[in-house]
Structures are given as structure tokens and as C-alpha cells.
Amino acid sequence: MAEHDDHPAYPVGLRLNGRRVVVVGGGQVAQRRLPALIAAGADITLVSPSATPSVEAMADTGEIRWERRRYQDGDLADTWYALVASSDAAANDAASAEAERTRTWCVRSDDAEAATAWTPATGRSEGITVAVLTTTSQGRDPRHSAAVRDAIVEGLRDGTLAAPHHRTRAPGVALVGGGPGDPDLITVRGRRLLAEADVVIADRLGPRDLLDELPPHVEVIDAAKIPYGRYMAQEAINQALIDHAKAGKSVVRLKGGDPFVFGRGMEEAQALAAEGIACTVVPGISSSISVPGAAGIPVTHRGVAHEFTVVSGHVAPEDPRSLVDWQALAQLRGTLVLLMAVDKIGAIAQALISHGKSPDTPVALVQEGTTAAQRRVDATLATVGERVVSEEVRPPAVIVIGDVVAVGVDIPAPLED
């Protein structure tokens, strides 16, 4: 490439499947670039006397061929694309010169101006590849390219950068776990599906702030206000999902936490399957782990707890409907995490104590975890029943029982934007 060439690079997508690609150098640059070349189906030969452990693993698994030596003239024969990224400047110059002679497009990590090709900052979102190149009169600006790429990809993923789909979307239902409450903690896929939905049926405990971001044509249905008539509440929700999907709509069932952690998501999936309706499950961050973490409590900790158990506390220990073996739980040395247990915690604490759990076992109640209203109340098994009343703890709250409560750190509640 001529010096100080101010002409812009011509963007193009290389189809490398089955075509020979040579990489010179097995260091950090190769480690970063090889996965994309492998994903593109390239027939890759690495020429380098050494390699990072990750690159070596690619060779060991047969994803690339590794010539364990320095570059030699002729290594680029019959090559479609070359990446020159060794720490040997002389070898880089020689490989670049061979690429120029053989008219092989060549990227150089050590000297972009001497290269015949540049690697763009790339990102992917649902079948779309975003590639960004920026140039100035002084040369490339890779950091600016990466920043622009990140902004575009993030916008595509979270739905803030929307482009119309010129295709017919298949109707169906996505069961989306919305996470513990903070709207930023929903998964990227969940947020994108929300942006593409025709109908959103939302739980009270889902990330409500996200609903305000939806396009005006999206129908938002509060699951708590679906008219139940002769149905049980869950049956009415199931029927609403079925009816909207059969009407040809793209439906998102937005649930708090994870759909399958005390979320009755499987009941909804079964109802949809019985009607032959396509269903996608998008896992969410469960409050059982994230809420304690947001309050500075690890559910496991080296030398303190090697296990944690998540338990539903929506029925009391003496209730004949309870499926929980409280006696067995009292014998565990690890952490107990209780969900939906605020109004039953007094009875649960007494049951654990009666089965041998120490009354001095630390307990933490985290209300409205991960939101700006988050607060933490500490107690012991002996005092937690009284503390819930005196501190007026209200659902939703996650209750953590075990020694990990005492080893946590003080993390303030998230600030509102």
C-alpha cells in the first residue's frame, strides 16, 4: 500500500469456507482472530515456532494446522488471505512482500499502512454482521471503530436501534426471563425479543421499566389483570398466550427471574405444546443468586459454604401441600435461599431450629433486590420472625440463611439513572 494513501478502504465480506488462509505468528493477535476465521470455515495453516495455550488448543483439536517453525518464503502459495502477526519484524516484512507478489490480501498487525487489507471491528446480532472501519488522514483509528461497532450492535440487541424486517415473522411465544428487577439485567436476547413483539404479557415482578420502551403498537397485557372468569389464574394466562399466538401474533411472556425457577414457565410451555404453538425459552437471571449478590452476599464461599439450596416458601412447613423436607434442609451446612417466604419465615425458622439448625444462624432479607428501592435487613433464625414484622419487610424479598451472610461486604443499592 502506498504511503499516506487517503483513499478509503473498500469494504467487502470474504467467503473463506474451504479456502486456504495462512496466519503467521501464534500470539495474542492470532488468538483473537483465529476463532472468527475458524467460524468462517477457512482452511487455516498457522506458521509460528510458538503459540499461546489457547492457540495451541485449536491445533490440538484439529481446528487449525500448525507448522511449528518460522515463516519461510513460499508459505503463502495458493493462499487466499493472510494474517501476519508475529513478533519478528523481518519475518513480517518478508511475508508481506510475498503476499504483494502473489496478490494475496494481507493484514499486518504491526504495520497497518504496509498491509493490503484491514480487519474491521466486527460484531454480530441475530444473523447480522456489523463491520466498521474508520480512517483519518493520519491513518486508522481502531478504538473509534470498536466504539461505533459496540454502539450499533448494542442497539440491535436491545431493540433501541430498530430496522424493519422485510419478511414474515412466524407467530409464536417466547417465555422470557426478565431477571431480578433491574431492567439492565435482562438478557440481550430477551430485550431484543421484547422489541420485536406484537403482544407482551407481563408479570408484576418483571422488569416494568422496559415496558415503557416498547413501540406504541405493542399491546401490553398485565397478567394480574387478565379476566379469569371460570378459569384458574394460570389457565387464563395460558389461554391468553394461545389465543394471541393463534391470531398470528409474536408474543412475549415476560416473567421475573427465570421462567423455570418457581415461575410456572413449564406449565405455559406445556399448554403451548399441546396446541402445537412454537415456544422459545429465554433463560433469565434468577433472583435466588443475583439478589444476594447485589446485597454483597455470596451464596457460596470458599471455606464457608460449598453448596446452596433454593427453596420455595410459599407454603408453611406444617402445610400438607408442602413438598419440602425441612428436616433434611436443617442438617445441611450450606446456604439456604428462600423465595416467596416473607410471610412464612417465622414458621420456617422455627421448623429449622426444631430440626437442629442453630438459632444463631445468620439470616439476611433483601427486599426489592437490584432496584433503587433495595434494602437489606439482617437477623438470626431466632429473631427473623420478629424482625420481619418490626422492619415491615414486604415482598418481593429474597431470604438468605447461612454463614455466608456474615462474610459478605456492604454493597449499596443501585442508583437510579
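Presented here is an overview of the structure given in this document. (Residues numbered from 1 in each chain as written. Predicted model: local features only at pLDDT ≥ 70, side-chain atom pairs only at ≥ 80, totals over all residues. Heavy atoms only, no water.)

**Details of the overall build of the protein chain**
Argument step 1. Within the protein chain one finds twelve helices and 19 strands.
Argument step 2. The 417 residues of the protein chain split such that 43% are buried.
Argument step 3. For the protein chain, long-range pairs separated by at least 24 residues make up 62% of all intrachain contacts whose partners lie at least 6 apart in sequence. (Helix = DSSP H or I, 4+ residues; strand = E, 2+ residues; numbered from the N terminus. Buried < 20%, exposed > 50% of the residue type's maximum accessible area, 1.4 Å probe, protein only. Contact = heavy atoms within 4.5 Å.)

**Notes on the pattern of salt bridges**
Two side chains of opposite charge can pair, provided their charged atoms sit close to one another.
Argument step 1. For the coordinates displayed, the defined rule picks out 19 salt bridges.
Argument step 2. Across the pair aspartate 343 and lysine 344 runs a salt bridge whose closest N-O atoms are separated by 3.0 Å.
Argument step 3. Residue lysine 344 is classed as partly exposed on the basis of its relative accessible area of 22%.
Argument step 4. Here aspartate 378 makes a salt bridge to arginine 376, at a shortest N to O gap of 2.9 Å.
Argument step 5. One network of salt bridges, with partners in common, ties together Asp203, Arg253, Lys255 and Glu268. (Salt bridge = Lys/Arg side-chain N within 4 Å of Asp/Glu carboxyl O.)

**Things to note about the nonpolar core**
Argument step 1. Among the nonpolar cores identified, the biggest contains 23 residues, and Leu338, Leu352, Val384, Ile399 and Ile401 are the most heavily contacted of them.
Argument step 2. Residue assignment for this core shows that the elements contributing at least two residues are α9 (326–331), β16 (335–339), α10 (345–354), β17 (362–367), β18 (375–380), α11 (384–390) and β19 (397–401).
Argument step 3. For this core, the leading source of residues is α10, giving four residues.
Argument step 4. Not counting residues up to four positions away in its chain, the partners in contact with valine 384 are Ile345, Ala349, Val363, Leu365 and Ala379. (Core = buried A, V, L, I, M, F, W, Y, C linked by side-chain atoms within 4.5 Å.)

**What to know about the environment of glycine 334**
Argument step 1. With respect to the helices and strands, glycine 334 occurs in the loop between α9 and β16.
Argument step 2. Judged by relative accessible area, glycine 334 falls into the buried class, the value being 6%.
Argument step 3. Along the chain, glycine 334 and histidine 306 lie 28 residues apart, while their C-alpha atoms are 6.1 Å from each other.
Argument step 4. Every residue in contact with glycine 334, bar those within four places of it in the chain, is listed here: Ala305, Glu307, Lys357 and Ile401.

**Quick word on the packing of aromatic side chains**
Argument step 1. Summed over all chains, the structure comprises zero aromatic pairs.
Argument step 2. Seen from the ring of tryptophan 80, arginine 19 lies directly overhead, with NZ or CZ sitting 4.7 Å from the centre. (Phe/Tyr/Trp six-rings, centres within 6.5 Å; stacked < 30°, edge-to-face > 60°. Lys NZ or Arg CZ within 6 Å of the ring centre and 35° of its normal.)

**Quick notes on the side chain of asparagine 92**
Argument step 1. Relative to the helices and strands, asparagine 92 resides in helix α3 (residues 89–102).
Argument step 2. Here aspartate 110 takes part through its side chain, which lies 3.0 Å from a polar atom of the side chain of asparagine 92.
Argument step 3. Not counting chain neighbours up to four residues away, the residues in contact with asparagine 92 comprise Val84, Ala85, Ser86, Arg108 and Asp110. (Polar contact = N/O pair within 3.5 Å; in protein donor to acceptor, adjacent residues only side chain to side chain.)

**Comments concerning the sheet that holds strand β13 (residues 250–255)**
Argument step 1. The strand order across the open sheet formed by five strands is β12-β11-β13-β10-β14, and the pairing between neighbours is parallel. Of all the strands in the sheet, the pair left with one neighbour each is β12 (219–222) and β14 (279–282). Ignoring strand direction, the axes of neighbouring strands in this sheet form an average angle of 20°.
Argument step 2. Bridge count for strand β11 (residues 199–202) against β12 is four bridges, and the pairing is parallel. Its bridge partner lying in β12, valine 200 is registered against valine 220.
Argument step 3. Sheet strands in contact with helix α6 (residues 233–246) are β10 (172–177), β11, β12 and β13, and its direction is about 155° off that of β13.
Argument step 4. Of the strands in this sheet, β10, β13 and β14 are in contact with helix α7 (residues 265–274), which crosses β10 at around 170°. (Pairing = 2+ DSSP bridges. Axes fitted to C-alpha atoms, helices over the stretch in contact; angles between N-to-C directions.)

**A closer look at the pairing of β11**
Argument step 1. With burial as the criterion, each face of β11 is covered, one bearing Val199 and Ile201 and the other bearing Val200 and Ala202.
Argument step 2. With four bridges joining them, β11 and β13 adopt parallel strand pairing. Bridge pairing in β13 places isoleucine 201 opposite arginine 253.

**Here's the deal with the packing of helix α1 (residues 28–39) against helix α2 (residues 53–60)**
Argument step 1. Running from N to C, α1 and α2 cross one another at 30°; their axes reach a closest spacing of 9 Å. When the interaxial angle is binned, α1 and α2 end up roughly parallel. When the axes of α1 and α2 are compared, the crossing they make is left-handed. When α1 is examined against α2, the residues Ala30, Gln31, Leu34, Pro35 and Ile38 are found in contact with a partner set consisting of Ser54, Val55 and Met58.
Argument step 2. A breakdown of the residues in the contact of α1 with α2 according to their chemical character gives six nonpolar, two polar and no charged. (Parallel < 35°, antiparallel > 145°, perpendicular 65-115°, else oblique. Left-handed = near helix turned anticlockwise from the far one by under 90°. Nonpolar A, V, L, I, M, F, W, Y, C, P; charged D, E, K, R; others polar.)

**Things to note about the side chain of aspartate 75**
Argument step 1. Along the chain, the position of aspartate 75 falls in the loop between β3 (65–67) and β4 (81–84).
Argument step 2. Residue aspartate 75 is classed as buried on the basis of its relative accessible area, which comes to 10%.

**Notes on a nonpolar patch on the surface**
Argument step 1. Taken together, Tyr10, Val12 and Leu14 make up a surface patch of nonpolar side chains, about 390 Å² in accessible area.
Argument step 2. Of note, valine 12 is situated in the segment before β1 (20–24). (Patch = residues over 30% accessible without salt bridge, like charges linked within 9 Å, V, L, I, M, F, W, Y side chains within 5 Å. Areas by Shrake-Rupley, 256 points an atom, 1.4 Å probe, with all protein chains shown as cover.)

**Focus on the packing of α6 against α7**
Argument step 1. Closest axis-to-axis distance for the α6/α7 pair is 10 Å, and the angle between their directions is 45°. Considered as vectors, α6 and α7 are oriented oblique to each other. The hand of the α6/α7 crossing is right-handed. Mapping the contact onto sequence places Gln234, Ile237, Asn238, Leu241 and Ile242 in α6 and Glu267, Glu268, Ala271 and Leu272 in α7.

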